[in-house]
Amino acid sequence: MDDEKVEEERRIPVGQIVFDEIFLWLLISIVISVAFYNVWGLFDLMRTPPAP
Amino acid sequence: MTLTSERAEYRVCPVTQFKVDLQSEALIKVNAVAAVVALTIGGIAAILIALTRWEAVGLLPPEWFYRLLTVHGTNMLIFWIVFFEMAGLYFGATILLDARLPKPAVGWLAFGLMVVGALFVEITALTGNSTVMFTAYEPLGSNEASPLFYLGLILFAVGALVAVGLFFATVVMARVEKTYEGSLPLVTYGLVVAAIIATYTLLSGAVALVPPFLRTIGIIEHVDPAFYRNFFWSFGHPAQQINLAAMVAIWYAMGVMTVGGSPVSEKLSRFAFILYVLFINLGSAHHLLVDPGLSFGFKTFNTSYGMYLAVLGSMIHAFSIPAMLEVAQRRRGFTNGLFEWLRKLPWREPGFAALAVSMFVFGWIGGVTGVTMGTEQIDMVAHNTLRVPGHFHAAVVGGTTLAFMGFTYYVIPLVFRKRVKFLKLATWQPYLFGLGISLVAVGMITAGIQGVPRRTADIDVVREVPGTVHLSLAVVGIGALIAFTALCMYLAVVLASVFTGPRVEATSLALVQPMEPVPAAAEGSHVAPKGTFVIVLVFLAFFAAFYLANWWMLGRTWFVS
Ligand code: HEM
Ligand SMILES: [Cu+2]
């Protein structure tokens, strides 16, 4: 990385850098949705005894 | 630096100065046309089923009611909306970023898959070979739906997923090739959020629909209905949140295009989008609130604690968009009292009319009823009543569909490069459509509160209902006639403009009522959006009153002694 670029990045606030990480958000979004909705829901279903 | 050796051809838009990749432009056009075709088919089905639910008319026999209900649900909720969103993604990733489309062939492949998939569904649905409605709940499909119906939906979802992948690739390439500076523009950011939600949605759709498909061709014997419902709703619910994110992105765009100004706080608006990314998919659980086997913890965590954080995101947008307009107007000098800025907005400009009506119907009818019904206890009396379609017609028709319609009026001159015909119709259309669909929604909601079930051609066979129900259902019918008229006005403007007349370059963004440019802010000056603040407080009071009234009604439904 050349100096100019380092300087440029230093001026960008951390929050903005985090907001710009779109693939990080893609990953987090899928993990949260799968864990709390799909996995939890399916886990509940598997613990349900079948009707006699 | 360029990533691939392919060369793109561009034109430069004379109004916006954006560079327009011609391949991307062609994909925007075909996706938009496919969307409008689906809207037409779905609209014809809409008026027929609505006139069936209006008992005084009682148009269709039950068999046709269900057949056309399937046609309506799939065409509107899936094909119209998703094709339009694909057009939006190409727009946001290329035109707004001055970027080129890395592999146009992939875009055409995606479009081809989606068209073939949609055709399979159209044919099986219209010929009565898949009268299972868009939810296709197991085990209903056992002998009802043809394999082509599932295959069609799967192909459509895969095609859309390919297009979403191309969208991400385009955004990354634009960054590498430095076609834009700094962070992504807010509108593109909103579309990125839509694409993030779409990835999860479309993957879930494939997981949900493959087992029933395999069943219909005899490879597996049985699909567990509860498992199906879990995966179906991680497709069906987030699909609406793609709409939400795309609609909000378009709200910002139309606000800037028709009124001017810029978001009061980019940080806050982006944070609100991030709340969607994190939490909005959890709301899927509100479709399962009456399902057996799911724990109280699962239901309440997902539909309340998680979901409310996403609702917070919507509230932030609902504040920051009007605030943006108010600040722009006040800078122009409309500073008298609380609301001069509001009166002096460009109410005759079709895009602004669509923005204003869409925000109102979405928030005040769709949002308020949705959050209320998504409460577990209240859903016990709302589930599967007409209240549910009442809520989502306000959201996805009065909100999303109307926003998309308004945006089309600008796509015509800027992308199709045609003059918009019948401007008078275009000015009135958002108001009429908003009125019609609000009547449909309010009629459905009040009928539902009185116990009328959804998805029934004839309520007399179902149960005793109070006489006032007939009034509610008549309101649905009358609203449907108005909304259908406005839908035809939209189609008339779009078809006449796109398919007749010579190609002309646009000369300005505004179609009817151009606004003065917003004067630059003086150093250190601060304009407070006081009027917006008052509107927001009134909204919150209405919201609270509606919510509490529903608990009160619930208390009158079941007396515990
Ligand atoms: C002219 C405008 C429209 C009218 C008059 C209309 C009317 C109706 C009516 C009467 C029903 C049947 C409700 C029931 O009996 O359960 C219905 C269902 C539905 N509508 Fe619409 N609608 C319109 C536009 C739309 C649009 C634009 C969308 C989506 C973007 C949409 C999505 C749906 C869905 C998903 C269903 C439920 C289908 C099902 O239960 O399987 N509608 N609509
Ligand atoms: Cu939902």
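Attention here is on the structure that accompanies the text. (Residues numbered from 1 in each chain as written. Chains lettered and ligands numbered in written order. Predicted model: local features only at pLDDT ≥ 70, side-chain atom pairs only at ≥ 80, totals over all residues. Heavy atoms only, no water.)

So, on to the interface of chain B and chain A. Where interface size is quoted, it is often the accessible area lost as the parts come together. Taken together, the 38 residues of chain B in the interface contact 24 residues of chain A. The junction of chain B with chain A conceals about 2700 Å² of combined surface from both sides, 72% of it contributed by carbon and sulfur atoms. Between chain B and chain A we count 0 salt bridges in total. At the junction of chain B with chain A, the criterion picks out 12 residue pairs in polar contact (both at pLDDT 80 or more). Looking at the side of chain B that touches chain A, the elements with two or more residues in it are helix H5 (147-176), helix H6 (186-216), helix H7 (225-258), helix H8 (266-279) and helix H9 (296-331) of chain B. Sorting elements by how many residues they give to the side of chain B that touches chain A places H7(B) first, with 7 residues. Partitioning the side of chain B that touches chain A into residue classes produces 23 nonpolar, 10 polar and 5 charged. (Contact = heavy atoms within 4.5 Å. Buried area = accessible area lost by both parts, 1.4 Å probe. Salt bridge = Lys/Arg side-chain N within 4 Å of Asp/Glu carboxyl O. Polar contact = N/O pair within 3.5 Å; in protein donor to acceptor, adjacent residues only side chain to side chain. Helix = DSSP H or I, 4+ residues; strand = E, 2+ residues; numbered from the N terminus. Nonpolar A, V, L, I, M, F, W, Y, C, P; charged D, E, K, R; others polar.)

Residue and element names in this part refer to chain B. Ligation of the iron atom of ligand 1 by protein atoms is provided by His72 (NE2) and His393 (NE2), these donors lying 2.0 Å from the ion. Coordination at the iron atom of ligand 1 comes from 6 donor atoms whose angles at the metal span 86 to 179°, giving a geometry best classed as octahedral. Of this pair, histidine 72 sits in helix H2 (residues 62-95) while histidine 393 is found in helix H13 (residues 387-416), placing the two residues 321 residues apart along the sequence. When its relative accessible area of 12% is taken as the criterion, histidine 72 is described as buried. (Donors = N, O, S within 2.8 Å, 3.2 Å for Na, K, Ca; no water. Tetrahedral: all angles 85-135°; square planar, octahedral: opposite > 155°, others 65-115°. Buried < 20%, exposed > 50% of the residue type's maximum accessible area, 1.4 Å probe, protein only.)

Here we come to the coordination of the copper ion (ligand 2). Residues and elements named next belong to chain B. With distances of 2.1 Å, the protein atoms coordinating the copper ion (ligand 2) are His237 (ND1), His286 (NE2) and His287 (NE2). Mapping the donors of the copper ion (ligand 2) onto the primary sequence gives the spacing H-x48-H-H. Here the residue histidine 237 occupies a position in helix H7, and histidine 286 occupies one in the loop between H8 and H9, the gap between them amounting to 49 residues.

Residues and elements named next belong to chain B. Surrounding ligand 1, one finds 25 residues, the nearest of these being Arg53, His72, His393, Arg454 and Arg455. Between ligand 1 and histidine 393 there is a distance of 2.7 Å, counted from a nitrogen atom to a side-chain nitrogen or oxygen. Mapped onto the shell around ligand 1, the elements with two or more residues apiece are helix H1 (22-53), H2, H13, helix H14 (423-449) and helix H15 (468-499). Among the residues making up the shell around ligand 1, the classes are represented as 19 nonpolar, 3 polar and 3 charged. (Near = heavy atom within 4 Å.)

All names here are of chain B. Contact pair H2 / H6: the axes reach a minimum separation of 9 Å and the direction vectors enclose 135°. The angle between H2 and H6 places the two elements in the oblique class. H2 and H6 meet at a crossing whose hand is left-handed. Where H2 approaches H6, its residues Gly88, Leu89 and Gly92 are matched on the opposing element by Thr188, Leu191 and Ala195. (Axes fitted to C-alpha atoms, helices over the stretch in contact; angles between N-to-C directions. Parallel < 35°, antiparallel > 145°, perpendicular 65-115°, else oblique. Left-handed = near helix turned anticlockwise from the far one by under 90°.)

Bringing the nonpolar core into the picture now. The nonpolar side chains of soluble globular proteins are, as a tendency, buried together. All names here are of chain B. Trp80, Phe83, Phe167, Trp251 and Tyr490 are the most contacted members of the largest nonpolar core, which has 182 residues in total. At 17 residues, the largest contribution of residues to this core is made by H7. If we ignore the near neighbours within four places in the chain, the residues touching tyrosine 490 are Val36, Leu39, Trp80, Met405, Thr408, Tyr409 and Gln429. Counting residues in each nonpolar core, the second largest holds 10 residues, with Ile49, Phe65, Leu68 and Val71 among its members. (Core = buried A, V, L, I, M, F, W, Y, C linked by side-chain atoms within 4.5 Å.)

These values are about where atoms sit, not about what they do.
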